[in-house]
Amino acid sequence: MTVTVDAAGNLHGLYPGTDGAARTLLIGSHLDTVRDAGAYDGILGVVLAISLIESLEGHQLPFAIEVVGLSEEEGVRFGVPFIGSRALVGRLDEELLGLRDSKDVSVQEAILSYGLKPREIPAATVRDEVLAYLEFHIEQGPVLEHRNLPLGVVEAVAGQTRMELVFTGMANHAGTTPMTLRRDALVAAAEWALAVEQGAREIPGLVATVGVLEAKPGATNVIAGQCRATLDVRHAWDTARTEAVSAFLNSAAEIATRRSISLTSSTKLVQAATPMDSYLVHEVEVAVSKAGVTPHRMVSGAGHDAMILAEKVPSAMVFLRSPGGISHNPDESVLVNDVAKAIECGLHLLHQLAVSPKFQTRAHRA
C-alpha cells in the first residue's frame, strides 16, 4: 500500500484497483483508546482491514481499497470525540481546533507539535470517488455472546446526548450544620442520578448514565457546596432520546428547587441516530451468511466513526462478539475464531462488491 498521514493525523494505506480508477472503498476504524483500556476497541478494525488486503494475496479489485486508521475517536483528551473522522467529512472547524486539554494545549497546537499543518486539514476530506466506508469493531456489549454468534450486522448507531449539570448549594461545616438547614449539592445530584436510572428503566431501548459526580470542596468534614454531574443518554430513535433528556432535566430542576439548590446545565454533544446504508447492510448480511454465520441485525449503543462517515458516504459496520460483554477495560478480548470469521466475511463482501455494478456506480453523497 501507499502510506500517507493527513493533517488530522489519520493514517492511510492505499491498495490500488485493477483499472487505475479512482473509485475507492474505505475500510478502517480508530487508533486511539480510553485510559486503562483493552487492546481491541478500534485498533482491531484497522488490523482486520490490513488482514483483508493480505488475504487478497495480490489480487486486485475493480476499485481501490484504502485502509484508514483514524487518529482520534474516543474524545478522551479534548472532551469531544471523532476528531479523526470529523476531518474526513469536513467538520474539523476552528471552534474544534481551539478546544484545549487539561494542560491547556489546543487541538491545533497538538497537531502542530506532531509535525502536521492544520491549514491542510481541508485536504483530508473524502473525495467524490469514495464509494463507501466499512468498519469492523468489537460489539462492546453482551448481545452476540448471549446469542452465541461471532458476528453481528449493524443497521444503525444510536443517537446520543451528552450534558453537564452543576448543582450549587452552600458549603458549610459538617459537624455544626443541622440536617434541616443544609443545602447539600452532592446529595441533590445523587438523588437526581437515581431518578435518571429509574426513568431510563421505564423506556424500552433507552440507556442513561450519570458517569461523573464531582463534589467541591471535596473534604470529609465539609458539606458539598457544588457538584458537577454528567449525563449520557442514548437511543435508536431520536424522539425517544430527546424526550428522555427533557424529562431528566425537569427532574433535576424539581430536585434542585425542593432542596434550595441552584442548577445550570450545558449540552456537550448531540449526535443524531444514524442508520447504516440499506444496500450495504444487505450485502453484509449476505457475506455473513456465506461465512456460515446466522445474520443478526442490531443497533449499536456506542458511537463509532461510521456514524460520522455516513454523513458523506454510504457506510456499514460488522460487529465481533465481545466475550463477557467487556469493553473499555483491560479484560476486553476477542476470540480467534471470531476474527477468522470476520476476515472470511470481509472477503466475501469484497468479492460481492467487485461484481456489483450497483455498488461501483453509486453516487457520492452531497
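It should be noted that the structure appears before, not after, this text.
Read on for an overview of the structure. (Residues numbered from 1 in each chain as written. Predicted model: local features only at pLDDT ≥ 70, side-chain atom pairs only at ≥ 80, totals over all residues. Heavy atoms only, no water.)

## A short note on the packing of aromatic side chains
Now for step 1: Summed over all chains, the structure comprises two aromatic pairs.
Now for step 2: With a centroid separation of 5.4 Å and an interplanar angle of 70 degrees, the aromatic rings of phenylalanine 63 and phenylalanine 359 are classed as edge-to-face. Linking phenylalanine 63 in the loop between helix 1 (43–55) and strand 4 (64–70) with phenylalanine 359 in helix 11 (residues 357–360), this pair joins segments that are 296 residues apart in sequence.
Now for step 3: On the numbers, 5.9 Å between centres and 50 degrees between planes, the contact of phenylalanine 167 with tryptophan 192 is tilted. In this pair, phenylalanine 167 is assigned in strand 7 (residues 159–168) and tryptophan 192 in helix 6 (residues 185–201), connecting sequence segments 25 residues apart. With respect to burial, phenylalanine 167 and tryptophan 192 carry one shared label: buried. (Phe/Tyr/Trp six-rings, centres within 6.5 Å; stacked < 30°, edge-to-face > 60°. Helix = DSSP H or I, 4+ residues; strand = E, 2+ residues; numbered from the N terminus. Buried < 20%, exposed > 50% of the residue type's maximum accessible area, 1.4 Å probe, protein only.)

## Side note on the pattern of salt bridges
Now for step 1: Throughout the structure, instances matching the rule amount to 18 salt bridges.
Now for step 2: As a salt-bridge pair, arginine 91 and glutamate 311 come within 2.7 Å of each other at their nearest N and O atoms. Of this pair, arginine 91 sits in the loop between helix 2 (83–88) and helix 3 (94–97) while glutamate 311 sits in the loop between helix 9 (305–309) and strand 16 (315–320), and the two are 220 residues apart along the sequence.
Now for step 3: On the accessibility criterion, arginine 91 (27% relative accessible area) is partly exposed.
Now for step 4: For glutamate 311, a relative accessible area of 33% corresponds to the partly exposed category.
Now for step 5: Across the pair arginine 162 and aspartate 232 runs a salt bridge, and its minimum N-O distance is 3.8 Å. Taken together, the residues arginine 162 in strand 7 and aspartate 232 in strand 12 (residues 226–235) connect sequence positions 70 residues apart.
Now for step 6: The partly exposed category is assigned to arginine 162, whose relative accessible area is 24%.
Now for step 7: For aspartate 232, a relative accessible area of 17% translates into the label buried.
Now for step 8: Through salt bridges with shared partners, a single network forms among Glu191, Glu254, Arg258 and Arg259. (Salt bridge = Lys/Arg side-chain N within 4 Å of Asp/Glu carboxyl O.)

## Thoughts on the packing of helix 1 against helix 10 (residues 336–354)
Now for step 1: One can describe the packing of helix 1 onto helix 10 by two numbers: an axis separation of 10 Å at closest approach and a directional angle of 55 degrees. Looking at the two axes, helix 1 sits oblique to helix 10. Considering how the two elements wind past one another, helix 1 and helix 10 form a crossing that is right-handed. Of the residues in helix 10, those touching helix 1 at Leu44, Leu48, Ser51, Leu52 and Ser55 are Val339, Ala342, Ile343, Gly346, Leu347 and Leu350. (Axes fitted to C-alpha atoms, helices over the stretch in contact; angles between N-to-C directions. Parallel < 35°, antiparallel > 145°, perpendicular 65-115°, else oblique. Left-handed = near helix turned anticlockwise from the far one by under 90°. Contact = heavy atoms within 4.5 Å.)

## Topic: helix 6
Now for step 1: Helix length check: helix 6, at 17 residues, gives a terminal C-alpha distance of 25 Å against a target of 24 Å (1.5 Å per residue), a fit within 8%.
Now for step 2: For helix 6, the set of buried residues is Ala185, Ala188, Ala189, Trp192, Ala193, Val196, Gly199 and Ala200. All buried residues of helix 6 project into a common sector of 140 degrees when viewed along the axis, lining one side. For helix 6, the exposed residues set more than 90 degrees away from the buried face come down to Leu194 and Arg201. (Expected span 1.5 Å × (residues − 1). Arc of directions from axis to C-beta.)

## Focus: the environment of serine 106
Now for step 1: Within the secondary structure, serine 106 is located in the loop between helix 3 and helix 4 (107–113).
Now for step 2: Given a relative accessible area of 5%, serine 106 falls into the buried group.
Now for step 3: Between the C-alpha atom of serine 106 and that of arginine 77, which follows or precedes it by 29 residues, the distance is 9.9 Å.
Now for step 4: Once residues lying within four places of it in the same chain are set aside, the contact partners of serine 106 are Phe78, Leu97, Gly98, Leu99 and Arg100.

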